[in-house]
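Close look at the chain arrangement
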Amino acid sequence: MQHFSALALARNALTGHVGWQKQWRSPDPQPAYDAVIVGGGGHGLAAAYHMARDHGMNRIAVLEKGWLGGGNTGRNTTIIRSNYLFQESSSLYDHAVKLWEKLSQTLNYNVMFSQRGVMMLAHTVHDVQVFQRHVHANRLNGVDNEWLSAEQAKDFCPPLRISPGMRYPVLGAALQRRAGTARHDAVAWGYARAADAMGVDIIQNCAVTGIVRNRQGAVEAVETTRGLIRTPKVGVSAAGSTSLVMAMAGLRMPLESYPLQALVSEPVKPIFPCVVMSNTIHAYISQSDKGEMVIGAGTDAYISYSQRGALHVSTHTLEAICELFPDFRRLRMLRNWGGIVDVTPDRSPIIAKTSVPGLYVNCGWGTGGFKATPGSGHLFAWTIAKDEPHPINAPFTIERFRDGVMIDEAAAAAVAH
Amino acid sequence: MLLIPCPYCGLRPELEFSYGGEAGIARPADPSALDDAAWADFLYQRKNPRGPHDERWRHTHGCGRFFNARRNTVTDMFVASWKAGEVAP
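These numbers were taken from a predicted model, which means no experiment stands behind them.

1. A closer look at the layout of surface pockets
All names here are of chain A. In this structure, the second largest pocket encloses a volume near 370 Å³. Taken together, 20 residues line the second largest pocket, and the ones lying closest to its centre are Thr-78, Arg-183, His-184, Ser-288 and Lys-290. When contributions to the lining of the second largest pocket are tallied by element, the ones reaching two or more residues are helix 6 (184-197), strand 15 (283-287) and strand 17 (333-343). Partitioned by chemical class, the residues of the lining of the second largest pocket number five nonpolar, eight polar and seven charged.

2. Some details on the interface of chain B and chain A
Across the contact, 24 residues belong to chain B and 22 residues belong to chain A. When the area that chain B buries against chain A is broken down by residue, the three leading residues are Tyr-44, Asn-48 and Arg-50 of chain B, summing to 31%. Where chain B touches chain A, the interface holds one salt bridge. Among the ionic pairs, Asp-41 of chain B bridges to Arg-252 of chain A, the shortest N-O distance being 3.2 Å. Elements with a minimum of two residues in the side of chain B that touches chain A: strand 3 (18-22), helix 1 (36-44) and strand 4 (52-58) of chain B. Here the side of chain B that touches chain A takes five residues from helix 1 of chain B, the largest share from any one element. Grouping the constituent residues of the side of chain B that touches chain A by class yields 10 nonpolar, five polar and nine charged.

3. Structural notes on the sheet that holds strand 4 (residues 118-122) of chain A
Sheet strands line up and pair through hydrogen bonds in the backbone, either parallel or antiparallel. All names here are of chain A. Across the sheet, eight strands lie side by side as 5-6-4-14-15-16-13-17; this open sheet has mixed pairing. Strand pairing shows two members of the sheet lacking a second neighbour, strand 5 (146-148) and strand 17, which therefore form its edges. Adjacent strand axes in the sheet meet at a mean angle of 25 degrees when their direction is disregarded. Across three bridges, strand 4 lies against strand 14 (residues 275-278) in parallel orientation. Pairing of Met-120 across the sheet is with Met-277, part of strand 14.

4. Points about the nonpolar core
Side chains of nonpolar character tend, in soluble globular proteins, to be buried together. Counting 56 residues, the largest nonpolar core has Met-119, Leu-160, Val-276, Ile-285 and Phe-325 of chain A together with Trp-57 of chain B as the members making the most contacts within it. Filtering out sequence-adjacent residues up to four positions away, Ile-285 of chain A remains in contact with Phe-272, Cys-274, Val-275, Val-276, Met-293, Val-294, Ile-295, Ile-321, Phe-325 and Phe-328 of chain A. Judged by nonpolar contacts, the second largest core, of 48 residues, contains Val-62, Leu-103, Phe-370 and Ile-384 of chain A.

5. Topic: the side chain of Ser-348 of chain A
In this fold, Ser-348 of chain A is placed in the loop between strand 17 and strand 18 (350-353). Setting aside anything within four residues of it in sequence, one finds Ser-348 of chain A in contact with Ser-89, Gly-364, Phe-396, Arg-400, Ile-407 and Glu-409 of chain A.

6. Comments concerning the sheet that holds strand 4 of chain B
Residues and elements named next belong to chain B. The strand order 3-4-5-6 describes an open sheet built from four strands, whose pairing is antiparallel. A single partner strand is all that each edge strand has here, and the edge strands are strand 3 and strand 6 (78-83). For this sheet, the mean angle separating the axes of adjacent strands, direction not counted, is 30 degrees. Relative to strand 6, strand 5 (residues 66-72) runs antiparallel, the two being bridged by five bridges. Residue pairing in the sheet places Arg-70 in a bridge with Ala-80 of strand 6.

7. Some details on the side chain of Asn-48 of chain B
Among the secondary structure elements, Asn-48 of chain B is positioned in the loop between helix 1 and strand 4. Overall, the relative accessible area of 1% leaves Asn-48 of chain B in the buried class. There is a polar contact of 3.0 Å between the side chain of Asn-48 of chain B and the side chain of Ser-257 of chain A. Those residues within four positions of Asn-48 of chain B in sequence are excluded, and the remaining contacts are Ser-243, Leu-244, Leu-255, Glu-256, Ser-257, Ile-303 and Tyr-305 of chain A together with Glu-22 of chain B.

8. Here we look at the packing of helix 3 (residues 87-107) of chain A against helix 6 of chain A
Residue and element names in this part refer to chain A. Between helix 3 and helix 6, the shortest axis-to-axis distance is 10 Å and the interhelical angle comes to 50 degrees. When the axis of helix 3 is compared with that of helix 6, the two are oblique. Both helix 3 and helix 6 take part in a crossing whose hand is left-handed. Of helix 6, the residues touching helix 3 (which contributes Trp-100, Leu-103 and Leu-107) are Val-187, Gly-190, Tyr-191, Arg-193 and Ala-194. For the contact of helix 3 with helix 6, the residue count by class is six nonpolar, one polar and one charged.

9. Observations concerning the pairing of strand 10 (residues 219-224) of chain A
Every other side chain in a regular strand lies on the same face of the sheet, so the side chains alternate between the two faces. Residue and element names in this part refer to chain A. Examined bridge by bridge, strand 9 (residues 208-213) and strand 10 share five bridges and lie antiparallel to one another. Each residue of the ladder has a partner; that of Val-212, found in strand 10, is Ala-221. As judged from the four bridges shared by strand 10 and strand 11 (residues 227-230), these two strands associate in the antiparallel manner. The residue of strand 11 that forms the bridge with Ala-221 is Arg-230. As consecutive antiparallel partners, strand 10 and strand 11 are separated by two residues.

10. Examining the confidence of the model for chain B
Scored by pLDDT, chain B has a mean of 96; 100% of the residues are at 70 or more. ipTM for the predicted complex: 0.96, alongside a pTM of 0.96.

Rules behind the numbers
- Residues numbered from 1 in each chain as written.
- Chains lettered and ligands numbered in written order.
- Predicted model: local features only at pLDDT ≥ 70, side-chain atom pairs only at ≥ 80, totals over all residues.
- Heavy atoms only, no water.
- 1 Å grid on protein atoms, 1.4 Å probe; cavity = no way out; pocket = protein on both sides within 12 Å on 5 of 7 lines; lining within 4 Å.
- Points joined across faces, edges and corners; volume = space filled by probe spheres on them.
- Helix = DSSP H or I, 4+ residues; strand = E, 2+ residues; numbered from the N terminus.
- Nonpolar A, V, L, I, M, F, W, Y, C, P; charged D, E, K, R; others polar.
- Contact = heavy atoms within 4.5 Å.
- Buried area = accessible area lost by both parts, 1.4 Å probe.
- Salt bridge = Lys/Arg side-chain N within 4 Å of Asp/Glu carboxyl O.
- Pairing = 2+ DSSP bridges.
- Axes fitted to C-alpha atoms, helices over the stretch in contact; angles between N-to-C directions.
- Core = buried A, V, L, I, M, F, W, Y, C linked by side-chain atoms within 4.5 Å.
- Buried < 20%, exposed > 50% of the residue type's maximum accessible area, 1.4 Å probe, protein only.
- Polar contact = N/O pair within 3.5 Å; in protein donor to acceptor, adjacent residues only side chain to side chain.
- Parallel < 35°, antiparallel > 145°, perpendicular 65-115°, else oblique.
- Left-handed = near helix turned anticlockwise from the far one by under 90°.
- pLDDT = per-residue confidence, 0-100.

As structure tokens, then:
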């Protein structure tokens, strides 16, 4: 792997930038691997990276039916935070934030992680009580979160309107300063480059069409559009398509797939210093380094794989944005897209073994998987390599729905979808 | 926004409707006779298909009635709709 540094940049600048190598290979699939990851999104690539780096597994393939960064990894609003209510969740997401803090150095790839702060607005007495409870619960769990008055919120984010005459006045806000954003494509590319350098085969345009099991029921191979690949371990990390892949092994999942929308405005000069979220009036917004306002809307009401959402869903969010930030009323929207997110009944993910020996699944991240990418990859790699969960992901099983041990962020998550 | 064929009122805009999830899931007649896995299956496991999906809708801001519809989850096109209690086409 060609090391990126200021010196390498200067050397290549002097030689006309013709010395840069391809960042990863495009190998043909081998007939057999020690493990196969289905899905080359951020989570799958991070898992392959950690399997190779931490567990000495070098014969690994990542199978991606499209191209790297073409799925939800390139379709999200890049928000990273760990201010979840329950201990299981805050441990999981803060594990990821700690890895994010070192990720650019770890991967030798600038993922543009920016701890600009995520501020969640409270508009009602109920919001104030819930968010203050969140602040206290987070601090007890060692996760930073603080309460701001409306005036302090406006100091932190000057474009915010806090007029008491608003339909939903801002009564205060919860601020996690360690939270922020990262460059989503760079996360996929950085993990792909680092995994490839350790021998992981990243195979794009290769869809899995079947999972072959032996007489004992254990995983033996995967059938793909590029032939049969033998492997004793399959890790499914397929986001919205997880139900479809797991059905190939005869498993039903507690998942439903919905389109989740986002949109970006025309680029403007730097005006917005942080991330602002409001679950009561349903809007979240930040500004990318290119200058676009990045806006997240909600999910459609019905399951769908269409990768687009209904116009009234994004309109609803834009109305809230215009109410909170009147300066943005004349901004034109440039692009609008949908990603297919897999949602569990308790809105918490699953990172676990399955009832099929050799089959592992990382799914159910719903509307907020990007933030967990490094942590999820680390824990999924551990689970596959050791055939047992890491203590952090041990509660995130499939069996929790049977046993009634939910991690019920549905009513308490920071944003309501 | 989808145009949804209510079998009572005809094509109406999506905003008038509430989604009711996968159709044809019957509540077990004797829940206490089920083990935990079978009960969790009833509560939480869903087909979540890519393609034709039989689902329930309620025309909340219209006739107020539940009905069933078949929609392709890739194109979001409705293929059929039928009244509750009728046999699926």
